[in-house]
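A structural walkthrough
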Amino acid sequence: MNALSFSALSLMTIFGCSNADSSRQADESWQVLFDGKSLDGWHAYGKPHPGTAWVVEDSVLYLDASAKKAGASGGDLVTNQEYENFHLQLEWKISVNGNSGVIFYINEDADKYPETYSTGLEMQVLDNDGHPDGKIHKHRAGDLYDLIPCTRETVNPPGKWNKVDIISNKGHLELHLNGTKVVETTLWDADWKNLVSKSKFASMPGFSAFKKGRIALQDHGDDVWYRNIRIRKL
C-alpha cells in the first residue's frame, strides 16, 4: 500500500466514510411507511382506524373491492404523520378498469374538508385504456390530476407493477413514473394559482393551500395494490 492509499484509507476510517457506512446511512434516512405486515401508521381519513377492506397479503397492501361491496369499510388510507419537504417512493398496480391515486399535502380537518382531495394534490393511478378517466386530458396515470399531464406516458398495463417517486422540496415538485420524470412544476406561486383557477379545484378554497400534510392512498372502489412504500424528509 502506498502512502496516498494509506492516507485516503485513514481519512475514511476517521470520518466514517466507507462505502458500507454511506450505504447504511442512506438506508437509515428512509422511513418505511408500510412494513409489509400491518397497517401500523395508517388510518382511514377522518377516522381513527383503517377501513377493513384494506388488507395485507404477501407483503402487499391491497384494497379488496369485493369485500367493500360486501359491507367492509373502506375510505382513503392516510398516514398518521404529516410531511413537508419529502421524497416518497412506492409501487402500485391497478386492476382492469381500475382507478386510485396517491394524494399528498392533505389537511385532515374532515369536518371542514370532507375528502382527501379537498386539500391534497393527486398523482393519478389508473387503467388508462379501461377506465373512463383515461379519455380525459390530465386524468391519465401519472398525471398531476386535473392540473398537469405527463410529458411522456411510461405506465405499465393493469396487473403490472409501476414504480413512483414523488419529490417535493420547497415548492419544487417532480413526479416520476417507472424511472422517468413525467411532471415538474412549482407549487404556490402565481403561475400555480392560475393553473388551479382553471381546474376542477377552483371552487375548493382549501385545495393545495397547505405546505405540510398527510399522504393518502385513494379508495376509488376498485382493486388496487401498493408495496415498498417509504419516505425521506428533505
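Note that the coordinates shown come from a computational prediction; the quantities given were computed from them, not determined experimentally.

A separate point is the pairing of strand S8 (residues 121-126). Of all six residues making up S8, six are buried, and the element is well covered by its neighbours. Where burial is concerned, the two faces of S8 agree: the one with Leu121, Met123 and Val125 and the one with Glu122, Gln124 and Leu126 are both buried. The pairing of strand S7 (residues 99-106) with S8 spans six bridges and is antiparallel. Bridged to Ile103 within S8 is Glu122.

We now examine the pattern of salt bridges. Counted by the stated rule, this structure contains five salt bridges. Among the salt bridges present, the one from Glu108 reaches Arg214, with a minimum N-O distance of 2.7 Å. Taken together, the positions of Glu108 in the loop between S7 and S8 and Arg214 in strand S12 (residues 214-217) put the pair 106 residues apart, joining distant regions of the chain. The class for Arg214 is buried, based on a relative accessible area of 17%.

With that out of the way, let us pick up the confidence of the model for the chain. On average, residues of the chain carry a pLDDT of 91, and 89% of them reach 70 or more. Here residues 1-18 is modelled with pLDDT under 50, and outside its nearest four sequence neighbours on either side it reaches seven contacts, counting other chains as well.

Before going further, it helps to spend a moment on unusual backbone geometry. Phi is positive for Lys138, close to 75°, though the residue is something other than glycine. Topologically, Lys138 is positioned in the loop between S8 and strand S9 (162-169). The class of Lys138 is partly exposed, set by a relative accessible area of 24%. For Trp188, which is not glycine, the phi dihedral falls at a positive 75°. As for its placement among the helices and strands, Trp188 is situated in the loop between strand S11 (180-186) and helix H4 (190-197).

What follows deals with the environment of Pro132. Examined against the element boundaries, Pro132 turns out to sit in the loop between S8 and S9. Accessibility expressed as a relative area gives 55% for Pro132, which makes it exposed. Between the alpha carbons of Pro132 and Gly98 there is a distance of 9.6 Å; along the sequence they are 34 residues apart.

Ordered by their spatial adjacency, five strands build an open sheet running S2-S5-S12-S7-S8, and the pairing between neighbours is antiparallel. Strand pairing shows two members of the sheet lacking a second neighbour, strand S2 (42-44) and S8, which therefore form its edges. Ignoring which end each strand starts from, the neighbouring axes of this sheet average 20° apart. Relative to S12, S7 is paired through four bridges, and the arrangement is antiparallel. Among the inter-strand pairings, Ile106 is bridged to a residue of S12, identified as Arg214.

When you line up the elements, Thr79 lands in strand S5 (residues 77-79). Once the C-alpha coordinates of Thr79 and Leu217 are considered, the two residues, 138 residues apart in sequence, prove to be 8.9 Å apart. The residues touching Thr79, leaving out its near neighbours within four places in the chain, are Leu33, Gly41, Trp42, His43, Arg214 and Ile215. In terms of polar contacts, Thr79 uses its side chain to reach the backbone carbonyl oxygen of Gln81, at 2.8 Å.

Here is what the cut-offs are and how they apply
Residues numbered from 1 in each chain as written. Predicted model: local features only at pLDDT ≥ 70, side-chain atom pairs only at ≥ 80, totals over all residues. Heavy atoms only, no water. Buried < 20%, exposed > 50% of the residue type's maximum accessible area, 1.4 Å probe, protein only. Helix = DSSP H or I, 4+ residues; strand = E, 2+ residues; numbered from the N terminus. Pairing = 2+ DSSP bridges. Salt bridge = Lys/Arg side-chain N within 4 Å of Asp/Glu carboxyl O. pLDDT = per-residue confidence, 0-100. Contact = heavy atoms within 4.5 Å. Axes fitted to C-alpha atoms, helices over the stretch in contact; angles between N-to-C directions. Polar contact = N/O pair within 3.5 Å; in protein donor to acceptor, adjacent residues only side chain to side chain.

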